[in-house]
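Here is how the chains run, residue by residue.
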Number of protein chains: 2
Amino acid sequence: MNPTDLNKIIHEPVRLGILSALMTRETLTFPELKEMLKVTDGNLSVHASILEKHGLIRSAKDFYGKKPRTTFTITDDGRAQFRRYLEELEQLLHQLKG
Amino acid sequence: MNPTDLNKIIHEPVRLGILSALMTRETLTFPELKEMLKVTDGNLSVHASILEKHGLIRSAKDFYGKKPRTTFTITDDGRAQFRRYLEELEQLLHQLKG
């Protein structure tokens with residue numbers, strides 16, 4: 001297992017954080033994710049759209065009172081790819097700890 | 001443990017590959033690393049110089065016959081930071097596997 005074989009879409013820290021959060025809470029709002037991951041609005045939206053483009057999460061827009069709200073949910077494919085990534089990461093970790 | 005807290009200098013796949021290889025073989029040449037990690041010359045030199053700039057590896061240039069050769073070695077600080085990174089990665093993995 002070579003680190004360069006890891007799923008690059010998932011491995012990036014902010015994206016790994018978004019998926020990890022959504023694996024536990026399935027659906028989260030933009031401000032909730034921003035607070036959990038301690039990232040900027042710009043950083044969060046860039047990485048959320050990369051995950052959405054690759055079908056790992058989907059977003060929905062609605063109104064909370066008068067305020068527009070964006071909510072993210074992990075997809076079944078996102079869940080499956082994340083589990084595969086964890087297995088590969090575990091394999092790599094055992095290899096590295098030698 | 002938040003994925004965004006992981007050591008970003010080490011976490012990037014090519015850099016993680018360079019350090020992993022040097023943890024086992026301590027010193028490797030540019031072509032050896034390139035072959036092991038299956039990366040381009042450009043990609044390897046960009047990431048090797050980031051690691052060197054942060055004091056995690058050092059490079060040496062000499063001649064092998066008439067051909068110039070670059071060799072990389074992990075530093076003591078590189079070793080220490082890599083071990084801390086592995087501990088944090090393991091902690092994160094346990095957390096994610098829930």
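Residues numbered from 1 in each chain as written. Chains lettered and ligands numbered in written order. Predicted model: local features only at pLDDT ≥ 70, side-chain atom pairs only at ≥ 80, totals over all residues. Heavy atoms only, no water.

*Asks:* I keep staring at unusual backbone geometry and nothing clicks. Help me out?
*Replies:* Note: most peptide bonds trans; most residues except glycine with negative phi. Look at glutamate 26 of chain A: it is not a glycine, yet its phi comes out positive at around 50°. Turning to its location among the elements, glutamate 26 of chain A is positioned in the loop between helix H2 (13-25) and strand S1 (27-29). (Helix = DSSP H or I, 4+ residues; strand = E, 2+ residues; numbered from the N terminus.)

*Asks:* Is there a simple way to explain the nonpolar core in this structure?
*Replies:* Nonpolar side chains in soluble globular proteins generally cluster together in the buried interior. Counting residues in hydrophobic clusters, the biggest one holds 54 residues, and the most contacted among them are Ile18 of chain A together with Ile18 of chain B. Among residues more than four places away in sequence, those in contact with isoleucine 18 of chain A are Leu33, Leu37, Leu44, His47, Ala48, Leu51 and Ile57 of chain A. (Core = buried A, V, L, I, M, F, W, Y, C linked by side-chain atoms within 4.5 Å. Buried < 20%, exposed > 50% of the residue type's maximum accessible area, 1.4 Å probe, protein only. Contact = heavy atoms within 4.5 Å.)

*Asks:* Is there a simple way to explain H2 of chain A in this structure?
*Replies:* The α-helix winds at 3.6 residues per turn, so residues separated by three or four positions along the chain end up facing the same way. All names here are of chain A. The end-to-end C-alpha distance of H2 is 18 Å, a good match for the 18 Å that 13 residues give at a rise of 1.5 Å each. Counting buried residues along H2, ten of its 13 residues qualify, which places the element largely inside the surrounding structure. Turning to H2, its buried residues number three or more, namely Pro13, Val14, Arg15, Leu16, Gly17, Ile18, Leu19, Ser20, Ala21 and Leu22. Its side-chain oxygen 2.8 Å from the backbone nitrogen of valine 14, glutamate 12 forms the N-cap of H2. Following H2 by one or two positions, glutamate 26 adopts a phi angle in the positive range, close to 50°. (Expected span 1.5 Å × (residues − 1). Polar contact = N/O pair within 3.5 Å; in protein donor to acceptor, adjacent residues only side chain to side chain.)

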